[in-house]
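Single-letter residue listing:
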Amino acid sequence: MSILSQKFIKFAPLCIPLSRRLETLGAVVYLFTWGLSVLGPGITLYILFCTNYWYITALYFIWIFYDRNIGSEGGRRSEFVRKWPIWRWYCNYFPIRLVKTVDLDPSKNYLFGFHPHGYFSNGLHGNFGCEGTDVSSLFPGIKMSFLTLNFNFLVPLFREIILFSGGCSVARESMNYLLSKRSGGNGVVIIPGGAREGILV
């Protein structure tokens, strides 16, 4: 064993089951998606100013400008992304569970409050931003959308993850758009408290 591994790094024993290793991978992938909130702008600016592929980033920025209101117009969820197996591993890592206490009528719209906020909102993503806890099976006919800050829809790359996960803007127009649908079947999830509570919890 090297000095580096003795002082700074503790490697997992080889006897850890594959299922637990996959759960750890799920948690790392989730943290990487949050890393895009910091790295996304840097990556796109690097491509724009330091490579010969600047036109790709320029087109992407034009797309973000053109698509800037999507968060208030129901988002752009992807059931394909929401059902990735890695999200189930992610939920099992903690574990994150969603407990159903009542049936909900899919012909109505619903507003849910989620607590605690937390910095990464792990439980929110595990329950409502993916199918890691089978939310669509527990509440059939109800499309869950979590609401987040408008600013998140301007952050390159990170915005796509939020949109694919079913995220929408927390602005009044967005809530009106989702909750005023006469056909029903929308579940809107907000986290009261905002950034201050997120840091304290």
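It should be noted that the structure appears before, not after, this text.
Analysis parameters
- Residues numbered from 1 in each chain as written.
- Predicted model: local features only at pLDDT ≥ 70, side-chain atom pairs only at ≥ 80, totals over all residues.
- Heavy atoms only, no water.
- Pairing = 2+ DSSP bridges.
- Helix = DSSP H or I, 4+ residues; strand = E, 2+ residues; numbered from the N terminus.
- Axes fitted to C-alpha atoms, helices over the stretch in contact; angles between N-to-C directions.
- Contact = heavy atoms within 4.5 Å.
- Parallel < 35°, antiparallel > 145°, perpendicular 65-115°, else oblique.
- Nonpolar A, V, L, I, M, F, W, Y, C, P; charged D, E, K, R; others polar.

A. Looking closely at the sheet that holds strand β1 (residues 110-113). Read across the sheet, 4 strands follow the order β1-β4-β2-β3 without closing on themselves; strand pairing throughout is parallel. One side of each edge strand has no neighbouring strand; the edge strands of this open sheet are β1 and β3 (167-169). Between one strand axis and the next, the sheet turns through 35° on average, direction left out of account. Sheet topology places β1 next to strand β4 (residues 186-190); 4 bridges connect them, and they run parallel. Pairing of Tyr110 across the sheet is with Gly187, part of β4. This element, helix α9 (residues 172-179), spans β1, β2 (143-148), β3 and β4 of the sheet and lies at about 155° to β4.

B. Focus on the packing of helix α2 (residues 18-50) against helix α5 (residues 85-93). At a minimum axis separation of 7 Å, α2 and α5 run at an interaxial angle of 100°. For the element pair α2 / α5, the angle class is roughly perpendicular. Of α5, the residues touching α2 (which contributes Arg20, Leu22, Glu23, Thr24, Leu25, Gly26, Ala27, Val29, Tyr30 and Thr33) are Ile86, Trp87, Trp89, Tyr90, Asn92 and Tyr93. Classifying every residue of the contact of α2 with α5 gives 10 nonpolar, 4 polar and 2 charged.

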